Amino acid sequence: MDKFKIRGGQTLSGTVTISGAKNAALPILMATVLPSDKVTLSNVPNLHDVDTSLELLDCLGVTHSRVGETAVCIDPTTLNHFKAPYELVKTMRASILVLGPLLAKTGKAEVSLPGGCAIGARPVNLHIEGLRKMGAHIDVENGYIKASVDGRLKGAEILLDTVSVTGTENLMMAAVLAEGQTVIENAAREPEIVDLANFLNALGADVQGAGNDTIYINGVETLSGGEYSVMPDRIETGTFLVAALATGSSVRCEKTDPSALDAVIKKLEEAGATIEKGDDWISLKSPKRPKAVNIITAPHPGFPTDMQAQFCTLNTIADGTANIRETIFENRFMHIPELRRMGANVDSEGNTAICHGIDKLTGAEVMCTDLRASASLVIAGLVATGETTVERIYHIDRGYESIEKKLQALGADIVRVSEK
Ligand SMILES: CC(=O)N[C@H]1[C@@H](OP(=O)(O)OP(=O)(O)OC[C@H]2O[C@@H](n3ccc(=O)[nH]c3=O)[C@H](O)[C@@H]2O)O[C@H](CO)[C@@H](O)[C@@H]1O
Ligand SMILES: C=C(OP(=O)(O)O)C(=O)O
């Protein structure tokens, strides 16, 4: 298992190029099941979750070839299987995103139930209920969601009880090939949903209103092939900006989209950062010491839960005391016990953490439990005195492309140690 060794205390400087967004690339990859011809995707991040998605498509008979560093050409014309096995789904929850497209395209899908994960139970009842409203017969047996439909799925009015990102995406993908109009109310409004809608529309789908809480999808009979470039990763961008602020540095992120980061930028400014931005870049200059900031996570356009752990680390070394309230997932404070091992003064009860800023964290051996907890521990290692070893970094490889190389280029002292 690989680990990172970080010698903290370096300031960062320079420019980092942001990769394509994991949370846009994964649904878009699953959506490539839908068209009747080849699709070429560019700005696809080099991530373990992307490899898993391509492996899953392979299992379904959907072949691909890599084109250069970041593009992939996918051929769905050879689709001949309909089962997403447990072995793949257990390593990547987003595999559930194949359910809607596969059912819409072939009339049949068997997808392993993803089960819970470190950050919460994460049920998929809304995905199943929505597909049932569209005429799917669904049984959950032997750990699998077994879905079928006679003929085509039928357009339906679906009101989601809870705002769900992958729930909205799954239903949107199923609806593009359904008969008639589907209306998804209380839809998630994340930028990645807009990116998926733009991709589907580029292939000839008719999706209107993505980015608002009601999405209208007028079903079409077939989708064509095409080309599409995945949006930049707003969470990777935010993570580098927090790393810069926590280490008292100045950093510029390029090939990104600041307009997807309003809530995060607001909190960075509240913490004392000076932000400048253009269409596809954003830069941050640090104050002498950041101020601790209160955070309440919420669905977009609120503050993203995927940035909560990184701000928690920032607060541990900031001036003052601040509260963090996690409202999306019931168990997303797994980084806190690890941060405490580095000297952080954080109390937590239920979904609230109270961070009392201290002058310095101290290096320690810490362990990753999930993707964004891992990012928060890497940031903690960068600001701590002495050496920090971050173990189980396979979590971070799911969602950050070459994070250690990007940090090294900014001047961080971080190395990957590979152990068998
Ligand atoms: C691949 C991907 O895009 N992952 C993102 C996606 O996860 P994901 O789509 O899994 O998260 P959801 O938006 O679905 O979850 C939001 C809340 O709804 C609940 N819920 C969800 C579905 C359902 O059928 N029933 C139900 O109760 C969940 O348990 C959670 O409490 O959005 C999350 C919230 O922004 C992000 O943290 C993840 O990075
Ligand atoms: C929770 C996340 O991802 P996933 O939904 O793929 O587990 C994340 O990106 O922070």
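Starting afresh in each chain, residues are numbered from 1 along the sequence in its written order. Starting at A for chains and at 1 for ligands, labels are handed out in the order in which the entities are written. Local features in this predicted model are restricted to residues whose pLDDT is 70 or higher, and side-chain atom pairs enter the listing and the counts only when it is 80 or higher, whereas totals over whole chains, interfaces and linings include all residues.

Examining the overall build of the chain
Okay, step 1: Scanning the chain from terminus to terminus reveals 14 helices and 24 strands.
Okay, step 2: We compute the radius of gyration over the C-alpha atoms and compare it with the globule rule, which gives 2.2 Å times the number of residues raised to the power 0.38. Relative to its length of 420 residues, the chain is compact, with a C-alpha radius of gyration of 21 Å against a globular reference of 22 Å.
Okay, step 3: Counting only C-alpha atoms, the chain reaches 65 × 45 × 45 Å along its principal axes.
Okay, step 4: Buried positions account for 54% of the 420 residues belonging to the chain. Numbering goes from the N terminus for both helices and strands, where a helix is a DSSP run of H or I of at least four residues and a strand is a run of E of at least two. A residue is called partly exposed when the number of other C-beta atoms within 10 Å of its own lies between 12 and 20, exposed at 12 or fewer, and buried at 20 or more, with C-beta atoms placed from the backbone.

Topic: the environment of Ile 403
Okay, step 1: Here Ile 403 shows up in helix α14 (residues 403-409).
Okay, step 2: Exposure remark for Ile 403: the 25 C-beta atoms within 10 Å place this residue in the buried category.
Okay, step 3: For the pair Ile 403 and Glu 236, spaced 167 residues apart in sequence, the C-alpha separation works out to 9.1 Å.
Okay, step 4: Apart from residues lying up to four places away in sequence, Ile 403 is in contact with Val 378 and Ile 396. Once C-beta atoms are placed from the backbone, any two residues with those atoms within 7 Å are in contact.

Observations concerning the sheet that holds strand β1 (residues 3-7)
Strand pairing in a sheet relies on backbone hydrogen bonds. The paired strands run either parallel or antiparallel.
Okay, step 1: Here four strands make up an open sheet; going across it, the order is β22-β23-β1-β24 and the pairing mixed. The open sheet has two edge strands with one neighbour each: β22 (365-367) and β24 (413-417). Adjacent strand axes in the sheet meet at a mean angle of 20°, parallel and antiparallel pairs treated alike.
Okay, step 2: Those strands touched by helix α12 (residues 371-383) are β1, β22 and β23 (387-391), and its axis lies near 170° from that of β23. We call two strands paired when DSSP finds no fewer than two bridges between them. Only the contacting stretch of a helix is used when fitting its axis, a line to C-alpha atoms as for every element, and angles between N-to-C directions run 0 to 180 degrees.

Considering the UniProt feature "domain: Enolpyruvate transferase" (unreviewed entry) in the chain
Okay, step 1: UniProt positions are given in the numbering used here, feature names are shortened, and annotations may be inferred rather than shown by experiment. According to UniProt, the feature "domain: Enolpyruvate transferase" (unreviewed entry) maps to residues 7-407 in the numbering used here.
Okay, step 2: Taken end to end, residues 7-407 comprises 32% helix and 24% strand; its first and last C-alpha atoms sit 12 Å apart.

As for the UniProt feature "binding site: phosphoenolpyruvate" (unreviewed entry) in the chain
Okay, step 1: Under the UniProt annotation, "binding site: phosphoenolpyruvate" (unreviewed entry) lies at Lys 22 and Asn 23.
Okay, step 2: With respect to the helices and strands, Lys 22 occurs in helix α1 (residues 22-31).
Okay, step 3: Under the C-beta neighbour-count criterion, Lys 22 is labelled buried, with 26 such atoms within 10 Å.
Okay, step 4: Not counting residues within four places of it along the chain, the set of residues in contact with Lys 22 comprises Pro 45, Leu 47, Asp 49, Asp 233 and Gly 399.
Okay, step 5: For Asn 23, the position within the fold is in helix α1.
Okay, step 6: The class for Asn 23 is buried, based on 26 C-beta atoms found within 10 Å.

Quick notes on the packing of helix α5 (residues 125-133) against helix α6 (residues 165-175)
Okay, step 1: The geometry of α5 relative to α6 is characterised by a closest axis approach of 9 Å and an angle of 25° between their N-to-C directions. In terms of orientation, α5 lies roughly parallel with respect to α6. Note on packing geometry: the crossing formed by α5 with α6 is right-handed. Within the contact between the two elements, α5 uses Leu 126, His 127, Gly 130 and Leu 131 and α6 uses Gly 167, Asn 170, Leu 171 and Ala 174.
Okay, step 2: Three categories are distinguished: nonpolar for Ala, Val, Leu, Ile, Met, Phe, Trp, Tyr, Cys and Pro, charged for Asp, Glu, Lys and Arg, and polar for the others, with Gly belonging to the last. Taken together, the residues of the contact of α5 with α6 sort by class into four nonpolar, four polar and no charged. Note that the term roughly parallel is reserved for angles under 35 degrees, roughly antiparallel for angles over 145, roughly perpendicular for angles of 65 to 115, and oblique for everything else. Crossing chirality is assigned from the near helix's rotation relative to the far helix, an anticlockwise turn below a right angle marking it left-handed and a clockwise turn marking it right-handed.

Re the site of ligand 2
Okay, step 1: Being near a molecule or strand means, for a residue, that its backbone-placed C-beta atom lies within 6 Å of it. Residues in close proximity to ligand 2 include Asn 23, Arg 93, Ala 94, Asp 306, Leu 371, Arg 372 and Gly 399, which together make up its full environment.
Okay, step 2: Class assignment of the residues belonging to the shell around ligand 2 gives a composition of two nonpolar, two polar and three charged.

Describing the packing of helix α4 (residues 99-106) against α6
Okay, step 1: At a closest axis distance of 7 Å, the pairing of α4 and α6 adopts a crossing angle of 15°. Comparing their axes, α6 and α4 come out roughly parallel. You can see that α4 and α6 cross each other, and the crossing is right-handed. Contacts from Leu 99, Gly 100, Pro 101, Leu 103 and Ala 104 of α4 reach α6 at Asn 170, Leu 171, Met 173 and Ala 174.
Okay, step 2: Classifying every residue of the contact of α4 with α6 by side-chain character gives seven nonpolar, two polar and no charged.

Quick look at the sheet that holds strand β3 (residues 39-42)
Okay, step 1: Ordered by their spatial adjacency, four strands build an open sheet running β4-β5-β3-β14, and the pairing between neighbours is mixed. Sheet topology places β4 (63-67) and β14 (226-229) at the edges, where each strand pairs with a single neighbour. Taken over all neighbouring pairs, the strand axes of this sheet differ in orientation by 20° on average, direction set aside.
Okay, step 2: The sheet contact formed by β3 and strand β5 (residues 71-75) spans three bridges and is antiparallel. The residue bridging Leu 41 from the neighbouring strand is Val 72, located in β5.

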